[in-house]
There are 2 protein chains.
Amino acid sequence: MPTPRRITLKDLARELGVSTATVSNAFNRPDQLSPALRERILGEAKRLGYRGPDAKARSLRTGRSRIIAVILAESLTYSLNDAVASELLSGVAEVLDAQGHTLLLLSARQMQSELPGAASMADGYIVYGLMPSETLLESLPPQAPLVAVDFDVTGRPSLHVDDEPACHLIARHALASRPRRPGIINLRLTAEPCNGPIVPGQRLLGAEQTITRSRLLGFHRALDEAGHDPAVVPMWNIEENTFEVSAPVIEAILDLPDTERPDLLLCMSDRIALTALTLAEERGLRVPEDLRLTGFDGIAEGQYRAPRLTTVRQDSVEKGRQAARMILGLEAPRSRTLATELWLGDSCP
Amino acid sequence: MPTPRRITLKDLARELGVSTATVSNAFNRPDQLSPALRERILGEAKRLGYRGPDAKARSLRTGRSRIIAVILAESLTYSLNDAVASELLSGVAEVLDAQGHTLLLLSARQMQSELPGAASMADGYIVYGLMPSETLLESLPPQAPLVAVDFDVTGRPSLHVDDEPACHLIARHALASRPRRPGIINLRLTAEPCNGPIVPGQRLLGAEQTITRSRLLGFHRALDEAGHDPAVVPMWNIEENTFEVSAPVIEAILDLPDTERPDLLLCMSDRIALTALTLAEERGLRVPEDLRLTGFDGIAEGQYRAPRLTTVRQDSVEKGRQAARMILGLEAPRSRTLATELWLGDSCP
DNA sequence: CGAGCTAACTGAATCGATCCAGATGGCGAA
DNA sequence: TTCGCCATCTGGATCGATTCAGTTAGCTCG
C-alpha cells in the first residue's frame, strides 16, 4: 500500500502532459502561457487537491521567504501590552500584508544572542528599541536588509521621531506655568535595571544613545532655559512601561510631603503619565491644579478620559508602515525622523 | 571578478576534506562524530564566516520549518491591544521559544480566505477566536496540526475555559444583591456587525457557537434562577473590545433616566467593565452603590485601581502555553477546558 | 517563398541542506 | 588469527519548486 504522498507540481505536470516549467508559470506568470492551458492546469490542480507551489521549496529556490522578522527589545508579554509597540506592529503588518508578506515575531529578551531556527530565513529585519550594544545584532545575516526603529545601528537606516525637540517643546510649555517643583519620570535609560529615584550626578552616567536619552536632554534644555538647574531637578526611573512596575515608584512620589511633592511631572510616556493621573486622583490631588502632568506618545487612552492628557503625539502606526516599506524596498532605505505634534490636553493646559 | 557567493555547507566540507554528511552532523548530531573533528569543523566554520545550515534548505529537506503560525480573528491593531490576546500570545511564545520555534503572526481579518505566501510552511496552526464558519480554515494545510482556542473546529482539538458555568456563577453572585434592573453587555455574538442595544427576541438569533454565546447562556441561566426573565433583561452589543467602540454604547446606557438605568451590568470582558467604571465615575455614579459591575478575564488593570473589579479570572497565558505544547506534540492533542476563578472585587462585592 | 519574429512551451540544472545505506578501520574476544 | 562489532565517516539521492536557454509552430511581410 503506497503512502498517499503529497501531490507535487511535478505530479501535476505529468498528469497533464506538460512540463513543470509550464505548471510553475501557470501559478506565477499567467502571461507566459495561453489562458486556455492555464485554465486547464488550475482546474486539474483543484481536482487533484494541489494547493499551489510549496512555500519551503520556493523559498529555497528563489532565496526569498516572504517573511519579515520584527525583533522587539522587551519580552512579548510586555511589548504586546504596550500601545506604542502594538501600533508599530500593526503598521508593519498592514504593509506586509498588502504585499503578500508575513510577520515573524521575535523578542530579543528570550533569545540568547542566537537566532532561533527559522528566524534566519527572514527576508529582512525590523528591529525595535534595542540597546545599541545588543550582541544579538551581530547574529543577523549581514546581507539582509535591516531597519532600526527608535535606536541606531551603525551603517543601517533608522527611524526616529524628533525626541529631543519634542520634549524640549512640551517641557517649555509646561514650565511656562512656573511650577515650583518640577520632576521627571524616565523610562529605562541604560541596559542595567534601575527602578526608583536617581541620585543627582549619576543621572546620565552610562546612558547609551537611546530615545530616552534624547527625551531627557530635551527636558533638561527646557529646564535650563527656565532657570531650573537640571542637575538638581528630581528624577525617577521606571524600568518597564507598565502600570505594575511604575505604580510603586509613582506612589512614593505622590506620597511625599506637600513641600517636597513635585507640582509638575514630565513623563516619558503616556502610560506613566496616566498611571500618575489615576494614582493622583485616588489621593484627592487635583490635576492640573495640584499637579501638572505631561506624557509622550499620544495613545488613545489618554484622550478618552477627563482630564485629557497633555502629550506629544507620535504616529507609531506610520512609523511601522515606513519601516515595512523600507524593508520591502518600496521606499529608499535611508534614516528618517518623523514629525511629532504637541497635544494640549487638560492635564497641563 | 567572481561574485563572493555565500558560503555553503558543501564549501566547508570541501575545504576541510570531509563529506557534507559529516559537516551536517557536526551541527545537528554531535554524537555522530569525534569531538576533535567536530571542533575542527566548527572552528573552520567560524573562520570562514559560515553561519550554520541554511534554514530554507533545511526546511525543504526535513519538511519542518520550526515555525508555528498563530491566526488571530481580529486585526492585529485590535488584537495586540487586547490584554487577553496578548497574554495568549506570550504564553505561546514562551513555549515556542524554549523549543527553538518561532511565531508567525497572522490576522484572519486581512487575509481573504487565502493564506499569504509563507504562512503555508508553518509546522502547525494555533487559531484564536474565529467564527466557526470562517472559510479561511479550509485553506490551511489539512495534515498540519491545528489547535482552536476559544472556539471549535470539527475534528480538531480545542481549548476553552468553562465560560457557561463561570458566567452562571458570577451572575448568581451579582444577583444575590437583588438588583432591580440588571443588564448585560455582550461582545460580538455573530459574524455580522452590531453595536448598541439588542431587540429582545432577536438576541440569540443566528448566534454561532462561540464563547460569547456560552457566556450569555450562563448569564441567562442565573437570571432565570433569580426570577428575572432573560428575554426582557436589556442587552447591548459591543462589536469590538476596545474603549473607543464601547464608550458610546456605554455612555448611552449610563445616560438613561434613573428609572431605566441598570443598577447591575454583567459585562463579557474586563475591558468593557473598566470602561463602564470610568464613564460611571465621570458621571458621579458610585460603584457599587449606584451601579454594580462585573467583568470577565481578570486582566491586571482591573485589580490596580479602586474599586477593584469583580470578575472571572482566566489564565490566558497558560492557555497559550497549552496550545503551544499541543501543537509541538509535547502534550497529547485533545480538547480541554481550563478552570476559571471567581474574583471578588469591590465593583460588585 | 523563405526569412524573421513572436508566443507558447520544454528539459534540465539548480537552490543547500539531510539522511539513508554502506565503507572503513581499530579493537576485543574467541 | 579471524570474526564481529562499534565508532566514525562517506556518497549520492532527495526534498519541490524556479529559471534559463533553448525548441517548435504559426504568422507576417517583403
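Residues numbered from 1 in each chain as written. Chains lettered and ligands numbered in written order. Predicted model: local features only at pLDDT ≥ 70, side-chain atom pairs only at ≥ 80, totals over all residues. Heavy atoms only, no water.

Asks: Help me get a handle on the overall build of chain A, residues and values and all.
Replies: Scanning chain A for helices and strands turns up eleven helices and 13 strands. Dimensions of chain A, computed from the C-alpha atoms along their principal axes, are close to 90 × 40 × 40 Å. Counting only residues that meet the buried cut, chain A has 55% of its 349 residues in that class. Here the analysis covers contacts within chain A between residues at least 6 apart in sequence; of these, 70% occur between residues at least 24 apart. Total accessible area on chain A stands at roughly 15,100 Å², and carbon and sulfur atoms take up 50% of it. For chain A, the distance from the average position of its 39 positive side-chain charges to the average position of its 45 negative side-chain charges is 9 Å. (Helix = DSSP H or I, 4+ residues; strand = E, 2+ residues; numbered from the N terminus. Buried < 20%, exposed > 50% of the residue type's maximum accessible area, 1.4 Å probe, protein only. Contact = heavy atoms within 4.5 Å. Areas by Shrake-Rupley, 256 points an atom, 1.4 Å probe, with all protein chains shown as cover. Lys, Arg positive; Asp, Glu negative; His and termini not counted. Charge placed at Lys NZ, Arg CZ, Asp CG, Glu CD.)

Asks: Describe the protein's contact with DNA strand D, naming the residues involved and giving the relevant values.
Replies: Near DNA strand D, the surroundings consist of 26 residues, among which Leu-9, Ser-24, Arg-29, Asp-54 and Arg-61 of chain A are the closest. Within the contact set of DNA strand D, a phosphate oxygen lies 3.1 Å away from a side-chain nitrogen or oxygen of Arg-58 of chain A. Interatomic distance of 2.7 Å between a side-chain N/O atom of Thr-22 of chain B and a phosphate oxygen of DNA strand D. Where the surface near DNA strand D is concerned, the elements lending two or more residues are helix 2 (20–28) and helix 4 (55–62) of chain A together with helix 2 (20–28) and helix 4 (55–62) of chain B. Here the surface near DNA strand D is built from residues that sort into ten nonpolar, eleven polar and five charged. (Near = heavy atom within 4 Å. Polar contact = N/O pair within 3.5 Å; in protein donor to acceptor, adjacent residues only side chain to side chain. Nonpolar A, V, L, I, M, F, W, Y, C, P; charged D, E, K, R; others polar.)

Asks: Can you tell me about the pairing of strand 2 (residues 102–107) of chain B, naming the residues and giving the values?
Replies: The side chains of a regular strand alternate between both faces of the sheet. Within strand 2 of chain B, six of the six residues are buried, which leaves the element mostly enclosed by the surrounding structure. Side chains Thr-102, Leu-104 and Leu-106 of chain B of strand 2 of chain B all project onto a buried face; the interleaved residues Leu-103, Leu-105 and Ser-107 of chain B project onto the opposite face, where all are buried too. Examined bridge by bridge, strand 2 (residues 102–107) of chain A and strand 2 of chain B share three bridges and lie antiparallel to one another. Opposite Leu-104 of chain A, over in strand 2 of chain B, you have Leu-104 of chain B as the bridge partner. Two elements, strand 1 (residues 67–72) of chain B and strand 2 of chain B, share six bridges in a ladder whose sense is parallel. Residue pairing for strand 2 of chain B: Ile-68 of chain B is matched across the bridge by Leu-103 of chain B. (Pairing = 2+ DSSP bridges.)

Asks: I'd like to hear about the interface of chain B and chain A, residue by residue, with values.
Replies: The interface is formed by 50 residues belonging to chain B together with 50 residues belonging to chain A. A combined buried area of about 4,100 Å² lies between chain B and chain A, and 65% of that area is made up of carbon and sulfur atoms. Taken together, the connections running from chain B to chain A amount to zero salt bridges. Counting the contacts that link chain B with chain A gives twelve residue pairs in polar contact (both at pLDDT 80 or more). Taken together, the elements giving at least two residues each to the side of chain B that touches chain A come down to helix 4, helix 5 (76–81), helix 6 (83–98), strand 2 and helix 9 (243–254) of chain B. The element that contributes the greatest number of residues to the side of chain B that touches chain A is helix 6 of chain B, accounting for six residues. (Buried area = accessible area lost by both parts, 1.4 Å probe. Salt bridge = Lys/Arg side-chain N within 4 Å of Asp/Glu carboxyl O.)

Asks: Which residues make up the protein's contact with DNA strand C, and what values go with them?
Replies: Around DNA strand C sit 26 residues in total, of which Thr-22 of chain A together with Leu-9, Ser-24, Asp-54 and Arg-61 of chain B are the nearest. Near the protein, meaning within 4 Å, the atoms of DNA strand C are sugar or phosphate in a fraction of 66%, with bases accounting for the rest. Taking Tyr-50 of chain B, its side chain carries an N or O atom lying 2.8 Å from a phosphate oxygen of DNA strand C. Counting residues per element, the ones that place at least two in the surface near DNA strand C are helix 2 and helix 4 of chain A together with helix 2 and helix 4 of chain B. Across the surface near DNA strand C, the residue classes tally to ten nonpolar, eleven polar and five charged.

Asks: Quick one: what's the story with the sheet that holds strand 10 (residues 292–294) of chain A, residue by residue and with numbers?
Replies: Residue and element names in this part refer to chain A. One open sheet accounts for five strands, arranged 7-8-6-9-10; its pairing is mixed. At either end of the open sheet lies a strand with only one pairing partner, and these are strand 7 (196–197) and strand 10. When strand 7 meets strand 8 (residues 235–237), the two strands line up antiparallel, connected through two bridges. Within strand 8, the position partnered with Pro-197 by the bridge is Trp-236. Sitting on the sheet, helix 7 (residues 163–175) is in contact with strand 6 (182–186), strand 9 (264–267) and strand 10, with an inclination near 170° to strand 9. Across the sheet, helix 10 (residues 270–282) lies against strand 6, strand 9 and strand 10, angled at about 155° from strand 10, the strand it touches most. (Axes fitted to C-alpha atoms, helices over the stretch in contact; angles between N-to-C directions.)

Asks: Before we move on, can you summarise the pairing of strand 4 (residues 146–149) of chain B with the specific residues and values?
Replies: Residue and element names in this part refer to chain B. On strand 4, burial covers both faces: Leu-146 and Ala-148 on one face and Val-147 and Val-149 on the other are all buried. Across four bridges, the pairing between strand 3 (residues 124–128) and strand 4 is parallel. Bridge pairing in strand 4 links Tyr-128 to Val-149. Pairing between strand 4 and strand 5 (residues 158–161): two bridges, direction parallel.

Asks: Explain the domain arrangement of chain A residue by residue, including any values.
Replies: By domain assignment, chain A separates into domain 1 (9–53), domain 2 (67–159) and domain 3 (163–314 + 334–343). Of note, the centres of domain 1 of chain A and domain 2 of chain A, computed from C-alpha atoms alone, are 37 Å apart. (Domains from an automatic or database assignment.)

Asks: Describe the sheet that holds strand 4 of chain B, naming the residues involved and giving the relevant values.
Replies: Judged by pairing direction, the sheet is mixed, and its twelve strands sit side by side in the order 12(A)-5(A)-4(A)-3(A)-1(A)-2(A)-2(B)-1(B)-3(B)-4(B)-5(B)-12(B) without closing on themselves. Strands with a single pairing partner mark the edges of an open sheet, and in this sheet they are strand 12 (336–338) of chain A together with strand 12 (336–338) of chain B. Between one strand and the next, the sheet's axes are offset by a mean angle of 25°, whatever the strand orientation. In the packing of helix 11 (residues 316–327) of chain A onto the sheet, contacts are made with strand 1 (67–72), strand 3 (124–128), strand 4 (146–149), strand 5 (158–161) and strand 12 of chain A, and the angle to strand 4 of chain A comes to roughly 160°.

Asks: Tell me what's going on with the packing of helix 1 (residues 9–16) of chain B against helix 3 (residues 35–48) of chain B, and back it up with residues and numbers.
Replies: Residues and elements named next belong to chain B. Orientation of helix 1 relative to helix 3, taken along the N-to-C sense of each, is 115°, at an axis distance of 10 Å. Of the two possible hands of crossing, helix 1 and helix 3 adopt the one that is right-handed. Counted together, Leu-12, Glu-15 and Leu-16 of helix 1 and Arg-40, Ile-41, Glu-44, Ala-45 and Leu-48 of helix 3 form the full contact between these two elements. For the contact of helix 1 with helix 3, the class distribution of residues is five nonpolar, no polar and three charged. (Left-handed = near helix turned anticlockwise from the far one by under 90°.)

Asks: Outline the pattern of salt bridges, listing residues and values.
Replies: All names here are of chain A. With the rule as written, the count across this model stands at 35 salt bridges over all chains. Linking Asp-346 and Arg-308 is a salt bridge whose minimum nitrogen-to-oxygen distance equals 3.4 Å. One end of the pair, Asp-346, is in the segment after strand 13 (341–343); the other, Arg-308, is in the loop between strand 10 and strand 11 (311–313), with 38 residues separating them in the sequence. Since its relative accessible area comes to 31%, Asp-346 is described here as partly exposed. Among the residues examined, Arg-308 registers a relative accessible area of 32% and is labelled partly exposed. Across the pair Arg-325 and Glu-331 runs a salt bridge, and its minimum N-O distance is 3.0 Å. When salt bridges that share partners are traced, they join Glu-94, Glu-318, Arg-321, Arg-325, Glu-331 and Arg-336 into one network.

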